[in-house]
Amino acid sequence: MHPMKPVEEPLAVSLLFCTRNRAEQLKPCLDHVARLQTSHSWELIVVDNGSTDGTGQVLSQFKSEASFPMTVLYEGRPGKSRGLNQALPLLRGSIVALIDDDCYVAPDYIDRILEIFEDPRIGFAGGRVELFDPTDIPLTIQTSTEPAYLPPYSYVEPGWILGANMMFRRDVLLSVGGFDVDFGPGTPWYGDDPDVQARAGFAGWWALYAPTVSVAHHHRRKAAAAGPLNRTYSIGTGAYLAKHAISPKTGPIYFRMTARRWYWWVRQALRGGNGLTVLGWEAKGAAGYLALRARRKLSGCAAER
């Protein structure tokens, strides 16, 4: 008779992120994780998404010295969302906190997160994302100092809560099926963050932007990267809007909000702005996503989750 495996105790927070071929950038991220100060129980889970550099060695060394529970997973198939989904069944924390591998958490990060979820209405939330290096371009940041609530069944504006500092109740994240593997780094379309937020919101949960929870984003991108990065995010936004505009559950709100958004881009262009460029990018993303859905329908293939 085999001895029973001990049941692992639940924890307050699971800190989770995915990484790929960024061994040097990963080191300071992990150093800041090691400086977290809290009396609450927590764990770190890192998914190596097919790295071919020294990422594995960096994670192995850090784990050997960690004073807290840490799990390292490997997902060789490309796609951040696919990597994160692999970790979901293993999460022990009641709250799942997600950052990026180039973000630095504040020492009080765990405590500030748990304050948010003292409100039982809140299913997901996000916090402030400051620029770590002032010479980097001010993109993929959220610096508002004003807290803001979002009621259930609402349109989620891309960038309102960034995936670099995003958190969910574990049960909420599991109930909506985790992350859509059609979206996120490693796929044609970003938009993975607002997509999972929208699904949680339309499952009946409130959201909160809480500036008390902060990370510093050290993305290392300079001015020359602004154009390509804006294009990438805009194409992803278009795919995200298309997905929810054609969904029976979210469609009535998302179709209307997409029309309003694109009308605004046209008006902005008439005032001399670059609205038509952005509109073109978003339309490209929408068309690409709709074409994928059409091909799947014709072939009878279901989307991977």
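Since the structure is predicted, the reported quantities are computational estimates derived from the model, not experimental observations.

J.: For this particular structure, what's the right way to read the overall build of the chain?
T.: Secondary structure summary: the chain contains nine helices and nine strands in total. Looking at the chain residue by residue over its 305 residues, the buried ones come to 52%. Summarising the internal contacts of the chain: among those between residues at least 6 apart in sequence, 80% fall at separations of at least 24. On the chain, roughly 14,400 Å² of surface is accessible, and the fraction owed to carbon and sulfur atoms is 58%. Charge centroids of the chain, computed over 33 positive and 30 negative side chains, lie 9 Å from each other.

J.: Mind showing me how you'd approach the pattern of salt bridges here?
T.: Where side chains of opposite charge bring their charged atoms close, a pairing between them can arise. Under the criterion given, the structure shown has 18 salt bridges. E130 serves as the salt-bridge partner of R128, at 2.8 Å between the closest nitrogen and oxygen. Where K222 meets D136, a salt bridge forms, and the shortest distance between an N and an O atom there is 2.5 Å. Highlighted residues: K222 in the loop between β9 (206-217) and α7 (226-245) and D136 in the loop between β6 (122-131) and β7 (148-150), separated in sequence by 86 residues. Residue class for K222 comes out partly exposed when judged on its relative accessible area of 37%. Owing to a relative accessible area of 4%, D136 belongs among the buried residues under this scheme. Overlapping salt bridges bring together D180, D195, R199 and K243 as one network.

J.: Can you help me understand the packing of aromatic side chains in this one?
T.: By the definition in use, this model includes 14 aromatic pairs. Aromatic pair Y149 and W206: ring centres 6.4 Å apart, planes at 80 degrees, arrangement edge-to-face. Highlighted residues: Y149 in strand β7 and W206 in strand β9, separated in sequence by 57 residues. Residue classification places Y149 among the partly exposed residues on the basis of a relative accessible area of 46%. Taken together, the ring pairs in this structure connect Y153, Y155, F202, Y240 and Y254 into an aromatic cluster.

J.: Even after reading the chapter, I still don't get unusual backbone geometry, so can you show me in this structure?
T.: We note that N21 has phi near 55 degrees; this positive angle belongs to a residue other than glycine. Mapped onto the elements, N21 comes out in the loop between β1 (11-19) and α1 (23-34). Positive phi outside glycine occurs at R220, with the angle close to 70 degrees. Relative to the helices and strands, R220 is located in the loop between β9 and α7. Judged by its relative accessible area of 32%, R220 is partly exposed.

Cut-offs applied
- Residues numbered from 1 in each chain as written.
- Predicted model: local features only at pLDDT ≥ 70, side-chain atom pairs only at ≥ 80, totals over all residues.
- Heavy atoms only, no water.
- Helix = DSSP H or I, 4+ residues; strand = E, 2+ residues; numbered from the N terminus.
- Buried < 20%, exposed > 50% of the residue type's maximum accessible area, 1.4 Å probe, protein only.
- Contact = heavy atoms within 4.5 Å.
- Areas by Shrake-Rupley, 256 points an atom, 1.4 Å probe, with all protein chains shown as cover.
- Lys, Arg positive; Asp, Glu negative; His and termini not counted.
- Charge placed at Lys NZ, Arg CZ, Asp CG, Glu CD.
- Salt bridge = Lys/Arg side-chain N within 4 Å of Asp/Glu carboxyl O.
- Phe/Tyr/Trp six-rings, centres within 6.5 Å; stacked < 30°, edge-to-face > 60°.

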